[in-house]
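Architecture at a glance
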Amino acid sequence: MMETKVNSAVGTHIITELSGCNTAKLGDLDGVRAALLEAAQRAQAHVLDISLHRFQPQGVSGVAVIAESHISVHTWPELGYAALDIYTCGETALPEKGCAYLSEFFEAGQVCSSVIKRGLASASGLYSHEFTSHDTEIRV
């Protein structure tokens, strides 16, 4: 059985809201697929599979299953809004770089992110999580 270090996180989970995005990019299925691949590469993650769906009349939802966990995106072109979710396990991935790339790709006017350390082990073997930051960046 693997020994778990007390107070050592299993993974990092970044939840991000993107406002004021490029509406054409929010509805572009092929563009979103390419952006998920690039985000994974920038996060130093290994893509296992990508699944996407285009809604009618608009919007795209998708997930990149990565060896380190997942990157997901849900878009609302009519609102200029995208919701991102990047979760990576281990110590080698850089989820913040994937998040930054997707924010740039969608040309977000505002980025609001929360970082959560997940899988924090206690001495009794119970696991919890901890919010480590919450930032809003307004771009011009």
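First, a word on what this report is: a plain description of the structure on this page. Every value quoted in this text rests on a predicted model; they were computed, and no experiment measured them.

Turning next to the environment of A93. For A93, the position within the fold is in the loop between β5 (81-89) and α3 (95-105). Between the C-alpha atoms of A93 and H46, which are 47 residues apart in sequence, the distance is 9.2 Å. Not counting the four nearest positions on each side in its chain, A93 is found in contact with A43, Q44, E68 and T88.

The next thing to look at is the packing of aromatic side chains. The description of an aromatic ring pair uses the distance of the two centres, along with the angle that the planes make with each other. Within the structure shown, the criterion is met by 3 aromatic pairs. Seen in terms of ring centroids, F105 and F106 are 4.9 Å apart; in terms of plane orientation they differ by 75°. Their pairing is edge-to-face. Taken individually, F105 and F106 each receive the classification buried, so the pair is uniform in this respect. Three or more aromatic residues joined by ring pairs form one cluster here, namely Y101, F105 and F106. The ring of F105 has K25 lying over it, and the distance from NZ or CZ to the ring centre is 4.8 Å. Here R118 stacks its cationic end above the ring of Y87, 4.9 Å away from the centre of that ring.

Our focus in this paragraph is the environment of Q110. When you line up the elements, Q110 lands in strand β6 (residues 110-121). Each C-alpha atom, one on Q110 and one on L126, is 36 Å from the other, the two residues being 16 residues apart in sequence. Ignoring anything within four residues of it in the chain, the contact list for Q110 reads E17, L18, S19, T136, E137 and I138.

If you look at the biggest cluster of nonpolar residues, it comprises 30 residues, and the most contacted ones within it are L18, L36, I71, L102 and F106. The set of elements that each furnish at least two residues to this core consists of β1 (11-19), α2 (29-42), β2 (47-54), β3 (60-66), β4 (69-76), β5, α3 and β6. No other element matches the 6 residues that α2 contributes to this core.

Conventions adopted
- Residues numbered from 1 in each chain as written.
- Predicted model: local features only at pLDDT ≥ 70, side-chain atom pairs only at ≥ 80, totals over all residues.
- Heavy atoms only, no water.
- Helix = DSSP H or I, 4+ residues; strand = E, 2+ residues; numbered from the N terminus.
- Contact = heavy atoms within 4.5 Å.
- Phe/Tyr/Trp six-rings, centres within 6.5 Å; stacked < 30°, edge-to-face > 60°.
- Buried < 20%, exposed > 50% of the residue type's maximum accessible area, 1.4 Å probe, protein only.
- Lys NZ or Arg CZ within 6 Å of the ring centre and 35° of its normal.
- Core = buried A, V, L, I, M, F, W, Y, C linked by side-chain atoms within 4.5 Å.

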